[in-house]
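# Structure assessment
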Amino acid sequence: QVQLVESGGGLVQPGGSLRLSCAASGGTFSSYVMGWFRQAPGKEREFLAGISWSGRTTYYVDSVKGRFNISRDNAKNTVYLQMNSLKPEDTAVYYCAASIVSYIVTIREKYDYWGQGTQATVSS
């Protein structure tokens, strides 16, 4: 059983940056594919980025490609999401998730463990 705890959210002005962290415990972190999702009010939870267990492969949806960067430190059992050039439409609760499959998946139902989420608000 893996427990995930996100941190790093907050209020930032448009064009600013935030770095989200997700600390894992209770499992073999390096064996999980990790993903970041977000959910804005009144919207479905959407996949943003994923990273392979080794960290060598990443995948981004078009809306964040070039602005967000996912990375992981298996020695620290932590996955990160660096978010740059933030826009008001990036305002959402951000979740990290872990999957036992061996490849990056974008489907919410393929993720087995979830964090509680961290709020990121982009506003002037």
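What counts, and at which threshold
- Residues numbered from 1 in each chain as written.
- Predicted model: local features only at pLDDT ≥ 70, side-chain atom pairs only at ≥ 80, totals over all residues.
- Heavy atoms only, no water.
- Helix = DSSP H or I, 4+ residues; strand = E, 2+ residues; numbered from the N terminus.
- Contact = heavy atoms within 4.5 Å.
- Disulfide = S-S within 2.5 Å.
- Polar contact = N/O pair within 3.5 Å; in protein donor to acceptor, adjacent residues only side chain to side chain.
- Phe/Tyr/Trp six-rings, centres within 6.5 Å; stacked < 30°, edge-to-face > 60°.
- Buried < 20%, exposed > 50% of the residue type's maximum accessible area, 1.4 Å probe, protein only.
- Lys NZ or Arg CZ within 6 Å of the ring centre and 35° of its normal.

Checked against the element boundaries, valine 64 lands in the loop between strand S6 (58-60) and strand S7 (68-73). Along the primary structure valine 64 and glycine 117 are separated by 53 residues, whereas in three dimensions their C-alpha atoms are 18 Å apart. Other than its neighbours up to four places away in sequence, valine 64 contacts Arg38 and Leu48.

This part is about the state of the cysteines. A full pass over the atoms with the stated rule returns 1 disulfide. There is a disulfide in this structure between cysteine 22 and cysteine 96, and the S-S distance comes to 1.9 Å. Here the S-S torsion is close to 50 degrees, and the disulfide linking cysteine 22 with cysteine 96 is therefore right-handed. Of this pair, cysteine 22 sits in strand S3 (residues 18-25) while cysteine 96 sits in strand S9 (residues 92-99); the two residues are 74 residues apart in sequence, bridging distant segments of the chain.

To continue, consider the side chain of serine 99. Its place among the elements puts serine 99 in strand S9. Reaching out from serine 99, the side chain makes a polar contact with the backbone nitrogen of valine 101 at a distance of 3.3 Å. Discounting residues that sit within four places of it in the chain, serine 99 has contacts with Tyr32, Val33, Val105, Lys110, Tyr111 and Asp112.

By the definition in use, this model includes 7 aromatic pairs. Ring centres 5.4 Å apart and planes at 80 degrees place the aromatic pair phenylalanine 37 and phenylalanine 47 in the edge-to-face group. Highlighted residues: phenylalanine 37 in strand S4 (residues 33-39) and phenylalanine 47 in strand S5 (residues 46-51), separated in sequence by 10 residues. Taken as a pair, phenylalanine 37 and phenylalanine 47 share a single burial class, namely buried. For the pair tyrosine 95 and tryptophan 114, a centre-to-centre distance of 6.5 Å together with 80 degrees between the ring planes defines the contact as edge-to-face. Note that tyrosine 95 is positioned in strand S9 and tryptophan 114 in strand S10 (residues 113-114), a separation of 19 residues in sequence. On the accessibility criterion, tyrosine 95 (12% relative accessible area) is buried. An aromatic cluster of at least three residues, connected via ring pairs, comprises Phe37, Phe47, Tyr59, Tyr95, Tyr111 and Trp114. Over the ring of tyrosine 80 we find arginine 19, and its NZ or CZ is 4.0 Å from the ring centre. Lying across the ring of tyrosine 95, arginine 45 places its NZ or CZ 3.6 Å from the centre.

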